[in-house]
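Fold and contact review
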Amino acid sequence: MKILIVCSKNSGRIAPFILEQVDSLNKVGIITDFFTIEQKGLIGYLKSRKLLLQKIQSFQPDLIHAHYGLSGLLANLQRKVSVVTTYHGSDINDSKVFMFSFLSILLSKFNIFVSQSNIDKSRVKSNYALIPCGVDIEVFKPMDKMAARKILNLDFDKNYILFSGGFNNVVKNPELAIAVSKEIDNTELLELKGYNREEVMCLMNAVDVCIMTSFSEGSPQFIKEAMACNCPIVSVDVGDVKEVIGDTEECYVSSYDVEEFTLKLKYVLECDRRTSGRERIIELELDSGRIAQKIESVYRKVVSVSTLF
């Protein structure tokens, strides 16, 4: 089966979780190729239509899998090849973008959502599935904390907190993270920015706790990757965080209140224990291999239906 992946590259790169998902699909025998949108904004996407048609003509895919609502809308501006679209959160949570995602939902043969909250917001009634992005548990795995700190040249005696993004990302709500970290002595807050995947894994093993303070999320990879590394977590109730961490010890959900968040963070630091998060990820079938099988099943369903018409 040949699948054309349609997604943005207007930030200079394809999102790592999309690349990892495609790699896992390749491992189960799916043949893939990319069509990437290099320009920004609705006009930039619309200008890509001619190039997309040329790519479809040359690659002859059985199906198109678009990532994010705008890519889904672009992919559906042709009706020759059926489209499956995955919505990752920002395209549902942002009211300015949602209208384009809504059109994509109506036009796509099948829609994939990464969290139940996004399904609820979209009000979709049929031809959809809840399939979060998976975690590559071969990459994200536990290792000795001090060994990881040695690799990253981090202080052995300091508390390290890993923030879920760059401090310049306003949606990630860095102000809360910074305020909380200032309440704890001998602590450094690290931003997750500019690292490759292996370095992210090493960071999650080196730090004492990962925190998420975002205003909105879909199904954050940051949380699932931290879980796969058995790293403690304190997060606000956003996206599917509460469902993913469940009752995993040393993983806590907090309000946006600085005092409450700080108390839970201090408790995690005082306990100084790793978690059983990796077991939870495997239990929920959130490893990339299992997710690839679920997506392949969607592909085969859509292709089989399409051939009937």
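For the structure, see preceding data.
Attention here is on the structure that accompanies the text. Along every chain, residues carry numbers that run from 1 in the direction the sequence is written. Residue-level local features of this predicted model are given only where pLDDT is at least 70; pairs of side-chain atoms are given and counted only at 80 or more, and the full residue set underlies all totals for whole chains, interfaces and linings. Side-chain descriptors were evaluated using all non-hydrogen atoms of the structure, hydrogens and water having been removed beforehand.

Quick look at the sheet that holds strand β2 (residues 31-37)
Strand order in the open sheet made by the six strands is β2-β1-β3-β4-β5-β6, with parallel pairing throughout. In the strand order of this sheet, the two ends are held by β2 and β6 (128-130), each with one partner. Neighbour-to-neighbour, the strand axes of the sheet open up by a mean angle of 20°, direction not taken into account. Only strands that DSSP links by at least two bridges are regarded as paired with each other. For the purposes of this entry, the term helix denotes a DSSP run of H or I that reaches at least four residues, the term strand denotes a run of E that reaches at least two, and both are numbered from the N terminus. One ladder, built from three bridges, connects strand β5 (residues 110-113) with β6; its direction is parallel. Bridge pairing links Asn-111 to Tyr-128 in β6. Contacts were defined at the residue level, with two residues in contact if any of their heavy atoms lie within 4.5 Å. Fitted lines through C-alpha atoms serve as axes, helices being fitted only where they are in contact, and the angles separating the N-to-C directions of these axes extend from 0 to 180 degrees. Set on the sheet, helix α3 (residues 49-59) makes contact with β1 (2-8), β2 and β3 (63-67); between it and β2 the angle comes to about 165°. Packed on one face of the sheet, helix α6 (residues 95-107) meets β4 (83-87) and β5 and runs near 145° to β4.

A word on the nonpolar core
Among the nonpolar cores identified, the biggest contains 71 residues, and Phe-140, Met-204, Cys-210, Ile-211, Ile-223 and Leu-265 are the most heavily contacted of them. When residues no more than four places from it in sequence are discounted, the contact partners of Leu-265 are Ile-161, Val-180, Ile-184, Val-209, Ile-211 and Val-234. If you look at the next biggest cluster of nonpolar residues, it comprises 15 residues, including Leu-4, Phe-35, Leu-52 and Ile-56. Only buried residues count toward a nonpolar core. Its members are Ala, Val, Leu, Ile, Met, Phe, Trp, Tyr and Cys residues joined through side-chain atoms within 4.5 Å. Summary of the burial criterion: residues with accessible area below 20% of their type's maximum are buried, those above 50% are exposed, and those between are partly exposed, where the area comes from a 1.4 Å probe applied to protein chains only.

Let's talk about α3
Every buried residue of α3 is listed here: Leu-52, Ile-56 and Phe-59. Looking down the long axis of α3, one finds its buried residues gathered within 85° of arc, a one-sided arrangement. Turned more than 90 degrees off the buried face of α3, the exposed positions are Lys-50, Gln-57 and Ser-58. Positive phi appears at Gln-60, one or two residues downstream of α3, with a value of about 55°. Working definition: the arc comes from the directions between the helix axis and the C-beta atoms, pointing outward to the latter.

Notes on helix α11 (residues 221-228)
For α11, a buried count of eight out of eight residues is recorded, marking the element as mostly surrounded by other parts of the structure. By the burial criterion, the buried members of α11 are Gln-221, Phe-222, Ile-223, Lys-224, Glu-225, Ala-226, Met-227 and Ala-228. Positive backbone phi, at 60°, marks Asn-230, one or two positions downstream of α11.

Topic: the pairing of β1
Burial analysis of β1 places five of its seven residues in the buried class, which makes it a mostly covered element. With seven bridges joining them, β1 and β2 adopt parallel strand pairing. Across the sheet, Ser-8 pairs through a bridge with Ile-37, a residue of β2. With the strands aimed away from the viewer, a crossover counts as right-handed if its path from the first strand over the helix to the second runs clockwise. Chirality of the crossover, the property in question, places the unit of β1, helix α1 (residues 16-27) and β2 among those that are right-handed. Strand direction decides the pairing type here: β1 and β3, joined by four bridges, are parallel. Looking across to β3, one finds that Ile-5 is bridged to His-65.

Examining unusual backbone geometry
The phi angle at Asn-173 is positive, at roughly 60°, despite the residue not being glycine. Turning to its location among the elements, Asn-173 is positioned in the loop between β7 (159-163) and α9 (174-181). Look at Asn-173 and you get buried, because its relative accessible area is 6%. Even without being a glycine, Glu-250 presents a positive backbone phi close to 70°. Within the fold, Glu-250 resides in the loop between α12 (241-245) and β11 (251-254).

A word on the packing of aromatic side chains
Two rings from Phe, Tyr or Trp (for Trp, the six-membered ring) form a pair when their centres are within 6.5 Å of each other. A pair whose planes differ by under 30 degrees is stacked, one over 60 is edge-to-face, and the rest are tilted. By the definition in use, this model includes six aromatic pairs. Between the aromatic rings of Phe-98 and Phe-102, the centroid separation amounts to 6.1 Å while the plane-to-plane angle is 45°, which identifies the pairing as tilted. Residue Phe-98 and its partner Phe-102 are both found in helix α6; the two are separated by four residues, about one turn of the helix. Judged by relative accessible area, Phe-102 falls into the partly exposed class, the value being 36%. Between Tyr-252 and Tyr-267 the ring centres are 5.9 Å apart and the planes differ by 80°, which places this aromatic pair in the edge-to-face class. Linking Tyr-252 in strand β11 with Tyr-267 in helix α13 (residues 258-271), this pair joins segments that are 15 residues apart in sequence. Look at Tyr-252 and you get partly exposed, because its relative accessible area is 24%. For Tyr-267, a relative accessible area of 40% corresponds to the partly exposed category. Joined through ring pairs, the aromatic side chains of Tyr-87, Phe-113 and Tyr-128 make up one cluster.

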